[in-house]
Amino acid sequence: MPKINVSVPGSSPDIHEFESDKQTITVGRATSNDIAISCESVSTTHCHIVKTDDGYTVHDDDSTNGIKLDGKKQSTIKLTDGIEIHIGDTSVVFNTNEATAAAEDTSASSPEIDSDAPSKNSKKCLTAVILLGLIAIAGIAIMPWLGEIGMASEKATTTEGKWLGFLGEFHPVFLHLPIGAFSLVLLMEMCRIFTFGKYKPQTTLALAFASGTAVFAAVFGYFLYLSGEFNGDLIEEHKRDGIIFTIILIVTYLAKYAADVMPRKGLLKPIYGIGVIATTGAMISAGHHGGEITHGDPLKKAPWIEKEEEVLSNKDIADPIVYTQIVHPILEQKCISCHGEKKQKSGLRMDSHAALLEGGDEEEALVPGNLEDSMMIAYLHLPLEDDLRMPPEGKTQLTPEEVQILEWWVKSGASETVRKSELEVTPVIAKALNTLKTPEEIAQEEAALKKFELERLATTKRVRAELKEVLNEVNTKFPGSLKYVSQANTDLVFSAVSYRSQFQDTDIDILSGGIGSLTELNLGATQVTDAGMKKLSTFSEIEVLKLSETTITDKGLAELANLKKLRVLNLYGTQVTDQGIKALLGHPTLKKVFLWQTKITPDGAEELEKSLHESQKSDGSEGDENETPESEAQVIIGT
């Protein structure tokens, strides 16, 4: 029985037999032909073989790529035993000798056959592959609605939660596999383009591997997400992109597999091409967000992005704000990539002072004045292999000097606004601070310090000249009552202790000329009333106000709430009540309130003190050198 051995490029040889008494045998890509050849270069009805008296002849049916003998197109070719012709790009060997045909049959089953090529078995598996792919797509699509965040945390008590948490740790193992496999597919397709179709890659196996590993990466990644250890917009975007990438990748694989085994490809080829492009886009997006999670946004360091450099004044250079100019840059380099706006590991953000005070899901990150209870400090000292160590193993660690600086700041009260000059800077801390600067920056700071000192002296001289008239006027009426706090600044202190019976509400006007410099005012036992308190409410720089043994009431006390820099208030021997003291609830800077021999009850005093603690804890404000070590507000009621 005559046979022909059909070898499609990149596929295993296929043996076709036909009856020797059959007069005409049709050949083409359509399955309706006697010999169907699944190759794009073969036309639907390409040619036909005719039996003649002396053998067989093949005739071209006006096909696109013709029939060829020795590389030359022919309209008719006489078939002899063992002759090799080409139908399109497909090699066809004709055999009439049974022995030769048997040899060809043996050759067709030799181990040199490409195992990746589709075969009859591939056609049989098509339904199962498509069904399995659709199940995987459905599972990945509904996955975000399964489970609860936190169920796979380290504190999980259920067996299910423990297993999910364990498997989630394998997400980093699988996530690079689909990326690598699909990158290989892209490389092969680019070679096809650059060779103008001469190179015909077999990408099916690579796509199958990429799809399978992508499913594992997505599922294990979701398990890690359920641990609750990672949250934020960036995590949600990475989860979304990973799911989209996996689904599109599976669809692309199914389209390619079906195109390989089905003779009529229809829309399969365009779907495959669109799938490759869409999968590439999803992979880039998912990979970018994943890189941001691990290493931060690389685009921030792009050379074409111009960074706006903040122009600092000589004061800010010489006497920096500790949190803004020293602490925050350390956190930005070592911590905020995992605890920032887009990603909050353990629910903790460290990109602002308020966020530090708010803390994470379970722990307090920052407790001003307390190193042991501030987890942002405690976790720095854990062993590197400890799961709670921050930064974790593999991340850039803080230097010993940076740790010293953070501890110094926290121990000093962790204020958001305090300047370096307001804190004790030991030689050890001074040395640590210098490690953060280049020699050029140290020289710049020294130069700025000199300029700032000159500017300060010039400003002091100018302001004092402006205050000279006020000092003369006040001290003429009340000799020795208005003085400078020190010779180094322009702050003023007024005391009417020697003029108690003379100083009245109208005399407050005489102080208005120094309103911008008056920081301490002692009006104890004077004749001031509630009307005078309304005038005092405009003295915005007052930090210490003594009104003991005056006639002020709740009405006058309400006016003092406008003094936003007030730190010390003495109301000893006044008629204020619990109702009046409510005006001071939540005051941002008030640290000491003296209430001896007033109408304030212990409950009212306790309420005020509690509100001051809460408001000042939320903004990390500090007190003066006479305060408790914890820098907490005190309301002293006495007995």
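You'll find the structure just up there.
To keep things clear, this report deals only with the structure shown in the data block. (Residues numbered from 1 in each chain as written. Predicted model: local features only at pLDDT ≥ 70, side-chain atom pairs only at ≥ 80, totals over all residues. Heavy atoms only, no water.)

Once that is clear, we can look at the pairing of strand β5 (residues 47-52). Where strand β3 (residues 24-28) meets β5, four bridges bridge the pair, whose relative direction is antiparallel. In the strand pairing of β5, Thr24 is matched with Val50. Bridge count between β5 and strand β6 (residues 55-60): six bridges; the pairing is antiparallel. Note on β6: the bridge partner recorded for His48 is His59. Between the antiparallel neighbours β5 and β6 lie two residues. (Pairing = 2+ DSSP bridges. Helix = DSSP H or I, 4+ residues; strand = E, 2+ residues; numbered from the N terminus.)

Turning our attention to the packing of helix α12 (residues 400-411) against helix α13 (residues 427-434). Contact geometry of α12 with α13 gives a least axis separation of 9 Å together with a crossing angle of 125°. Classed by the angle they form, the pair α12 and α13 counts as oblique. Read as a crossing pair, α12 and α13 show a hand that is left-handed. Across the interface between the two elements, Glu401, Gln404, Ile405 and Trp408 from α12 touch Val428, Ile429, Ala432 and Leu433 from α13. Split by residue class, the contact of α12 with α13 holds six nonpolar, one polar and one charged. (Axes fitted to C-alpha atoms, helices over the stretch in contact; angles between N-to-C directions. Parallel < 35°, antiparallel > 145°, perpendicular 65-115°, else oblique. Left-handed = near helix turned anticlockwise from the far one by under 90°. Contact = heavy atoms within 4.5 Å. Nonpolar A, V, L, I, M, F, W, Y, C, P; charged D, E, K, R; others polar.)

This part covers empty space enclosed by the protein. Taken as a whole and assessed by the stated rule, the structure comprises one cavity of 30 Å³ or more. Lining the largest cavity we find Ile4, Val27, Ile49, Val58, Leu79, Ile85, Ile87, Val92 and Phe94. Mapped by element, the contributors of at least two residues to the lining of the largest cavity are β10 (84-87) and β11 (90-95). Classifying every residue of the lining of the largest cavity gives nine nonpolar, no polar and no charged. (1 Å grid on protein atoms, 1.4 Å probe; cavity = no way out; pocket = protein on both sides within 12 Å on 5 of 7 lines; lining within 4 Å. Points joined across faces, edges and corners; volume = space filled by probe spheres on them.)

With that settled, the discussion passes to a nonpolar patch on the surface. A cluster of nonpolar side chains, contributed by Trp163, Phe166, Phe170 and Val173, occupies part of the molecular surface with about 420 Å² of accessible area. A relative accessible area of 53% means that Trp163 is categorised as exposed. (Patch = residues over 30% accessible without salt bridge, like charges linked within 9 Å, V, L, I, M, F, W, Y side chains within 5 Å. Areas by Shrake-Rupley, 256 points an atom, 1.4 Å probe, with all protein chains shown as cover. Salt bridge = Lys/Arg side-chain N within 4 Å of Asp/Glu carboxyl O. Buried < 20%, exposed > 50% of the residue type's maximum accessible area, 1.4 Å probe, protein only.)

Another point: unusual backbone geometry. Residue Pro391 follows Met390 across a cis peptide bond; omega there is -10°. A positive phi angle, near 55°, is found at Asp62, a position not held by glycine. Turning to its location among the elements, Asp62 is positioned in the loop between β6 and β7 (67-69). Even without being a glycine, Ala414 presents a positive backbone phi close to 55°.

On the surface, Glu154, Glu169, Glu385, Asp386, Asp387 and Glu393 cluster together to form a negatively charged patch. Mapping Glu154 onto the fold places it in the loop between α2 (120-142) and α3 (159-168). (Lys, Arg positive; Asp, Glu negative; His and termini not counted. Charge placed at Lys NZ, Arg CZ, Asp CG, Glu CD.)

Read from one edge of the open sheet, seven strands run β12-β13-β14-β15-β16-β17-β18, paired in mixed fashion. The open sheet is flanked by β12 (482-484) and β18 (634-636), the only strands paired with a single partner. Neighbour to neighbour, the strand axes of the sheet diverge by 10° on average, direction disregarded. Of the pairings in the sheet, the one linking strand β14 (residues 518-522) to strand β15 (residues 544-546) comprises three bridges and is parallel in character. Among the inter-strand pairings, Asn522 is bridged to a residue of β15, identified as Lys546. This element, helix α14 (residues 439-477), spans β12 and β13 (492-495) of the sheet and lies at about 150° to β12.

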